[in-house]
Amino acid sequence: MEKSFEMLGIEDGALKVTLASFQLKGDAGLWWKYEKGSVGGAWEAFVNTFQEKFLSSAAREKLREQFCQLKQQGLSVAEFEATFSSLSRCAPELVASEVRRCCEFELKLRRGLKMRVCGSFIREYRRLVDAAAHMELLMQQEDEGQRGSKRSQDSQGDCRRQR
């Protein structure tokens, strides 16, 4: 659901709760019918209450551990951010503030990107993710330029050897 909300630009918590609860069927739908009065329209409260009901403590602990071990590695910034956001719900104490969320995100970025992004000291999560995505794009362009330059040098060397 988070990906859908992000793609559609939905930030209003109450609207997220309404849209997500509309999707609930069977036991989950019945559960929500009785629980919505105590949860209200807060998105984080909805997610936490839902997870407590439908995810065992062992499953939540496994997801928390996955978050703690998470590293960007071969993922794009967009893919990594989606995974980070999803798993961070299972470790709310590690991302309790905007500053902590930014610090955790930076720590988990791959080394080259981390070295370029961390120096900016961005402590607003959305801006940090945007900066990391932008830097990733610049690094890819730089790599492509270097490969193109290397190929050009290699082909020039081939031409000289043929003479």
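Our subject is the structure listed above.
So, here's what we can say about the structure. A quick note: this is a predicted structure, and the numbers were derived from the prediction, not measured.

**Overview of the nonpolar core**
- Core analysis: the biggest nonpolar cluster contains 19 residues, and Phe67, Phe84, Phe105 and Leu109 have the highest contact counts within it.
- Counting only elements with at least two residues in this core, the list comes to α6 (77-88), α7 (98-108), α8 (111-117) and α9 (125-162).
- Here this core takes five residues from α9, the largest share from any one element.
- Beyond its immediate sequence surroundings of up to four residues, Phe67 is in contact with Phe84, Leu87, Ser88, Ala91, Leu94, Val95, Glu104 and Lys108.
- Judged by nonpolar contacts, the second largest core, of 12 residues, contains Ile10, Val17, Trp32 and Val39.

**Side note on a nonpolar patch on the surface**
- Residues Met1, Leu15 and Leu19 make up a contiguous nonpolar surface patch of roughly 250 Å² in combined accessible area.
- By the element assignment, Leu15 lies in helix α2 (residues 13-22).

**Structural notes on the packing of aromatic side chains**
- In this structure the tally under the stated criterion is 15 aromatic pairs.
- Between Trp31 and Phe50, the aromatic rings sit 5.7 Å apart at their centres with planes inclined by 70°, giving edge-to-face as the arrangement. One end of the pair, Trp31, is in helix α3 (residues 26-39); the other, Phe50, is in helix α4 (residues 43-54), with 19 residues separating them in the sequence.
- For Trp31, a relative accessible area of 10% corresponds to the buried category.
- One aromatic cluster in this structure is built from Phe5, Trp31, Trp32, Trp43, Phe46, Phe50 and Phe54.
- Residue placement shows Lys108 over the ring face of Phe67; its charged tip is 4.7 Å from the ring centre.

Each value, and the rule that gives it
- Residues numbered from 1 in each chain as written.
- Predicted model: local features only at pLDDT ≥ 70, side-chain atom pairs only at ≥ 80, totals over all residues.
- Heavy atoms only, no water.
- Core = buried A, V, L, I, M, F, W, Y, C linked by side-chain atoms within 4.5 Å.
- Buried < 20%, exposed > 50% of the residue type's maximum accessible area, 1.4 Å probe, protein only.
- Helix = DSSP H or I, 4+ residues; strand = E, 2+ residues; numbered from the N terminus.
- Contact = heavy atoms within 4.5 Å.
- Patch = residues over 30% accessible without salt bridge, like charges linked within 9 Å, V, L, I, M, F, W, Y side chains within 5 Å.
- Areas by Shrake-Rupley, 256 points an atom, 1.4 Å probe, with all protein chains shown as cover.
- Salt bridge = Lys/Arg side-chain N within 4 Å of Asp/Glu carboxyl O.
- Phe/Tyr/Trp six-rings, centres within 6.5 Å; stacked < 30°, edge-to-face > 60°.
- Lys NZ or Arg CZ within 6 Å of the ring centre and 35° of its normal.

These results come straight from atomic positions and should not be treated as a statement about function.
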